[in-house]
Amino acid sequence: TILLAMSRILVAQGAYRRALGIIEDGLALVGEGAPRATFLLYKSQAVKGLGREQEAADLLEEAWYAGGFEVPAEFAPVFASYGQKERAMRTLNDAVERRTNRIWFASTHIRLGDLDEAFRILQDAVEDHDPSVLESWHSSADLDVIRTDPRFIALERELESRVTHTQAYLNSKARLTK
């Protein structure tokens, strides 16, 4: 899971060549199923970022058939980014929205241009403290598209108002204000 997380972060940052090295290490370690599919998905995104469109499309198909159907929510926004809108919606409809995967649902709707649905999902995620959204809040390129939208700004304010601090932090802050 560490290699998957590193791969995802590097791809999101545009460090495609570095990501490919980690992805290859991960592929050498995993068997079949969802982990392999996810590494192949990230590989397709890295290769696409390097401008190798056909290779990326082939890897996306390989990823799906390697086990992407086990984690469909993660594939839906990628299908949308490839212009496969109907496939993205079918995939999203087959996925189960959970407290831990709403970022993929929101990302798909953003990529499809359905911002109202994306904001509904993000609102629910903020209310439920969905870790997939909270961990991606500042780094998701998909959210960059909507960061200046007043609805996003309001959600960000709401999120910041819900931040809780440790007792040590509160004690430290109290000492500083005396």
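Residues numbered from 1 in each chain as written. Predicted model: local features only at pLDDT ≥ 70, side-chain atom pairs only at ≥ 80, totals over all residues. Heavy atoms only, no water.

### Examining the overall build of the protein chain
Scanning the protein chain from N- to C-terminus turns up twelve helices and zero strands. Reading the helices (α) and strands (β) of the protein chain from amino to carboxyl end gives α-α-α-α-α-α-α-α-α-α-α-α. C-alpha atoms of the protein chain, sized along the principal axes, occupy 60 × 35 × 30 Å. Intrachain contacts of the protein chain at a sequence separation of at least 6 include 52% that bridge at least 24 residues. By element, 53% of the accessible surface of the protein chain is carried by carbon and sulfur atoms, the whole surface being about 9800 Å². In the protein chain, 22 positive and 27 negative side-chain charges are present, and the distance between their average locations comes to 6 Å. (Helix = DSSP H or I, 4+ residues; strand = E, 2+ residues; numbered from the N terminus. Contact = heavy atoms within 4.5 Å. Areas by Shrake-Rupley, 256 points an atom, 1.4 Å probe, with all protein chains shown as cover. Lys, Arg positive; Asp, Glu negative; His and termini not counted. Charge placed at Lys NZ, Arg CZ, Asp CG, Glu CD.)

### Thoughts on the packing of helix α2 (residues 16-29) against helix α3 (residues 34-49)
Two elements in contact, α2 and α3, have axes whose closest approach is 9 Å; the angle formed by their N-to-C orientations is 160 degrees. By the angle between their axes, α2 is roughly antiparallel relative to α3. Here α2 and α3 pass one another in a crossing that is left-handed. The segment α2 lies against α3, with Y16, L20, I22, I23, E24, G26 and L27 engaging R36, F39, L40, Y42, K43, Q45, A46, V47 and G49. In terms of residue class, the contact of α2 with α3 is made up of ten nonpolar, three polar and three charged. (Axes fitted to C-alpha atoms, helices over the stretch in contact; angles between N-to-C directions. Parallel < 35°, antiparallel > 145°, perpendicular 65-115°, else oblique. Left-handed = near helix turned anticlockwise from the far one by under 90°. Nonpolar A, V, L, I, M, F, W, Y, C, P; charged D, E, K, R; others polar.)

### Re helix α7 (residues 102-112)
Counting buried positions over the eleven residues of α7 gives eight, a clear majority of the element. Regarding α7, the residues found buried are R102, I103, F105, A106, S107, T108, H109 and I110. Considering only its buried residues, α7 is in contact with α5 (72-81), α6 (85-94), α8 (115-128), α9 (131-134) and α10 (141-144). (Buried < 20%, exposed > 50% of the residue type's maximum accessible area, 1.4 Å probe, protein only.)

### Focus: the packing of aromatic side chains
Across all of its chains, the model carries five aromatic pairs by this definition. Look at W64 and F69: their rings are 6.5 Å apart centre to centre, the planes differ by 85 degrees, and that puts the pair in the edge-to-face class. By the ring-pair criterion, three or more aromatic residues cluster together here, those being W64, F69, F75 and F79. One residue, K48, lies across the ring of Y82, its end atom 4.0 Å from the ring centre. (Phe/Tyr/Trp six-rings, centres within 6.5 Å; stacked < 30°, edge-to-face > 60°. Lys NZ or Arg CZ within 6 Å of the ring centre and 35° of its normal.)

### So, the packing of helix α4 (residues 53-67) against α5
Remark: α4 packs on α5, axes separated minimally by 11 Å, with the N-to-C direction vectors making an angle of 160 degrees. What the angle tells us is that α4 and α5 run roughly antiparallel. Crossing of α4 against α5: the hand is left-handed. The residues of α5 that touch α4, namely those facing L60, A63 and W64, are P72, F75, V78 and F79. For the contact of α4 with α5, the per-class residue count stands at seven nonpolar, no polar and no charged.

In short, the description is geometric, and any link to function would need to be established separately.
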